[in-house]
Amino acid sequence: MKKSNLNVVIAGGGSTYTPGIVQAMISSRDRFPFSSLTLYDIDEARNDDMFVIIDYMLKKEKLAKEVKLFQSTDPEEAFTGADFIFSQLRVGGMKMRELDEKIPMKYGLVGQETCGLGGFSYGLRSIKGLLEVVSYVNQYAPDAWLLNYTNPETLVSEAVRRAFPNVKMLNACDMTISIEETIATNYGYDRKNWIPMYYGLNHFGWYSSIYDKSVDRDILPELIERLTQEGMHVADFNAGDATWQEAWDMLRVMTQNFPGYLPNNYLEYYLYPNRTIEHTDPSYTRANIVMDGRERRTKEMARKVREQEKGEILDFNFGEHGQYIMDMAASILNDNHDRFMLIVPNKGAIPNLRDDAMVEVPAYVGRTGAEPISLRFEINDFHKGLMEAQNAAEKLLVDAYFEHSYQKALQAFTLNQTVYSADPAKQILDDFIEANGKYWPELN
């Protein structure tokens, strides 16, 4: 593996999260010496907006001569010679996300981009898009490492495991880091001292302990007590988005009703779908909030750069999102064996769960990839039952993709933990088939 002059590709380069990743890359050049960055996206206009923003960032940091910046919609041009690929695809863009969220709500079910049936709709699109990217990596950069942020992580990682079992790839989600960062900010802790133990599926898991090295003990009980007694407020990287405050309020409810563990906040969609429906405007969902917020601000940043406006132009704060994927890349490059939450084949990490489940657990990362950590205890029946049902639904959906099976898709939709009846499951499936068109495989 090369140790310097690294060629990096961001697949989904037009994403509004790209500046956060590049910001982390710039601040980490001492341990991740990249000299070339390519933004790859099938949406040429979005990619060009991001190109002018990243070019501005590099010039501002006086790196324009040291780092060559490219943009491309051609996979051969983009991936040839790459050493690391960071993948953050959103197949179908925000318009399809809006349908993912709104179609289930027509039938009284949760509308969410990664959870519930909206997540399944997005999942079938993402599988198709990510498998295409992995095929390009196999063809044009077979020795490269692919670090994936593309959602829904459990579904896409299961599909890649089946189609490309030998690809050099890590699947990660920054949601656990966002939870930890928000808790630490609220209660005055330093998250860098924490050694968390967590298990589950992606967006579907629990903390069983958080060991704090500064005090040499598990602080999870006191974190849960403070959460249940005091509540929690939005950290600055999610400021201005009222839905995040609702999420932290529901996290408090979940810890009060099911004490002893700290749940992933996304579990509210599975445990309390009725509350989600009651507090969501079916005509103005999260997709609309993002389009009117982060998407619009990014477009405005690109305009200001093009028109050479004076003053402060950059307007983004993504917390640890970009740093997390950057730290993984540096841990591979330098064989650090740093610890991350990753989505990996279970293979005994959770002893009493099926071996072929794609689970989210702590893992050490080095030159040879991920080394998952075994829990060394069996999880309780409540968590196990929820996970087994949801995992079965996810595996059925991946079956449906590869087998082009309408029946498997209907089984997956019916078994999803947000669904109470096969009737709306079938209605929503049929609506999604029409809405997704060629984004989905043909189901027979």
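- The chain goes by Maltose-6'-phosphate glucosidase in an unreviewed UniProt entry, where it is assigned to Tetragenococcus solitarius.

Looking at helix 15 (residues 406–415)
Consideration 1: Those residues of helix 15 that fall on the buried side of the exposure criterion are Tyr-406, Ala-409, Leu-410, Ala-412 and Phe-413. What you see down the axis of helix 15 is that its buried residues fit within an arc of 160°, all on one side.
Consideration 2: In the core, the buried residues of helix 15 are packed alongside helix 5 (116–140), helix 14 (381–403) and helix 16 (422–436).

Things to note about the environment of Leu-124
Consideration 1: Residue position: Leu-124 is located in helix 5.
Consideration 2: It is 7.7 Å that separates the C-alpha atoms of Leu-124 and Pro-441, two residues lying 317 residues apart in sequence.
Consideration 3: If near-sequence neighbours (up to four positions away) are discounted, Leu-124 is found in contact with Leu-397, Tyr-401, Tyr-439 and Trp-440.

Re the packing of helix 14 against helix 15
Consideration 1: Two elements in contact, helix 14 and helix 15, have axes whose closest approach is 8 Å; the angle formed by their N-to-C orientations is 160°. Regarding the angle of helix 14 to helix 15, the classification is roughly antiparallel. As for the relative orientation of helix 14 and helix 15, their crossing is left-handed in sense. Facing Ala-389, Ala-392, Ala-393, Leu-396, Leu-397, Asp-399, Ala-400 and Glu-403 of helix 14, the residues of helix 15 in contact are Lys-408, Ala-409, Gln-411, Ala-412, Phe-413 and Leu-415.
Consideration 2: Tallied by class, residues from the contact of helix 14 with helix 15 come to 10 nonpolar, one polar and three charged.

Thoughts on the nonpolar core
Consideration 1: Counting 98 residues, the largest nonpolar core has Phe-32, Leu-37, Phe-84, Phe-86 and Leu-147 as its most contacted members.
Consideration 2: With residues near it in sequence (within four places) discarded, Phe-32 still touches Leu-6, Val-8, Phe-84, Phe-86, Met-326, Ala-329, Ala-330 and Leu-333.
Consideration 3: Within the second largest apolar cluster, 49 residues are counted, among which are Ala-11, Phe-79, Val-134 and Val-419.

Let's talk about the pattern of salt bridges
Consideration 1: Taken as a whole, this structure holds 32 salt bridges when the rule is applied.
Consideration 2: Between Asp-431 and Lys-106 there is a salt bridge whose closest N-O contact spans 3.3 Å. In this pair, Asp-431 sits in helix 16 while Lys-106 sits in the loop between helix 4 (93–105) and helix 5, placing the two residues 325 residues apart along the sequence.
Consideration 3: Since its relative accessible area comes to 58%, Lys-106 is described here as exposed.
Consideration 4: In this structure, Arg-162 engages Asp-399 in a salt bridge whose closest nitrogen and oxygen atoms are separated by 2.6 Å. Within this pair, whereas Arg-162 is found in helix 6 (residues 153–163), its partner Asp-399 is found in helix 14, the two being separated by 237 residues in sequence.
Consideration 5: The structure contains a network of salt bridges with shared partners spanning Glu-158, Arg-161, Arg-162, Arg-354, Asp-356, Lys-395, Asp-399, Glu-403 and Lys-408.

Comments concerning the sheet that holds strand 3 (residues 68–72)
Consideration 1: The six strands lie next to each other as 3-2-1-4-5-6, forming an open sheet whose pairing is parallel. Two strands close off the open sheet at either side, each with one partner strand: strand 3 and strand 6 (169–171). Taken over all neighbouring pairs, the strand axes of this sheet differ in orientation by 15° on average, direction set aside.
Consideration 2: Bridge analysis of strand 5 (residues 145–148) against strand 6 gives three bridges, and the strand direction is parallel. Along strand 6, the bridge assignment pairs Leu-147 with Leu-170.

Some remarks on the state of the cysteines
Consideration 1: This model, assessed by the stated rule, comprises zero disulfides.
Consideration 2: Considering cysteine sulfurs only, Cys-173 is the nearest to Cys-115, which forms no disulfide, with 9.8 Å between them.

Observations regarding the side chain of Ser-15
Consideration 1: Structurally, the position occupied by Ser-15 is in the loop between strand 1 (6–11) and helix 1 (18–27).
Consideration 2: Looking at Ser-15, its side chain comes within polar contact range of the main-chain nitrogen of Tyr-17, at 3.0 Å.
Consideration 3: Apart from residues lying up to four places away in sequence, Ser-15 is in contact with Asp-41, Arg-46, Met-50 and Gln-88.

Parameters at a glance
Residues numbered from 1 in each chain as written. Predicted model: local features only at pLDDT ≥ 70, side-chain atom pairs only at ≥ 80, totals over all residues. Heavy atoms only, no water. Buried < 20%, exposed > 50% of the residue type's maximum accessible area, 1.4 Å probe, protein only. Helix = DSSP H or I, 4+ residues; strand = E, 2+ residues; numbered from the N terminus. Arc of directions from axis to C-beta. Contact = heavy atoms within 4.5 Å. Axes fitted to C-alpha atoms, helices over the stretch in contact; angles between N-to-C directions. Parallel < 35°, antiparallel > 145°, perpendicular 65-115°, else oblique. Left-handed = near helix turned anticlockwise from the far one by under 90°. Nonpolar A, V, L, I, M, F, W, Y, C, P; charged D, E, K, R; others polar. Core = buried A, V, L, I, M, F, W, Y, C linked by side-chain atoms within 4.5 Å. Salt bridge = Lys/Arg side-chain N within 4 Å of Asp/Glu carboxyl O. Pairing = 2+ DSSP bridges. Disulfide = S-S within 2.5 Å. Polar contact = N/O pair within 3.5 Å; in protein donor to acceptor, adjacent residues only side chain to side chain.

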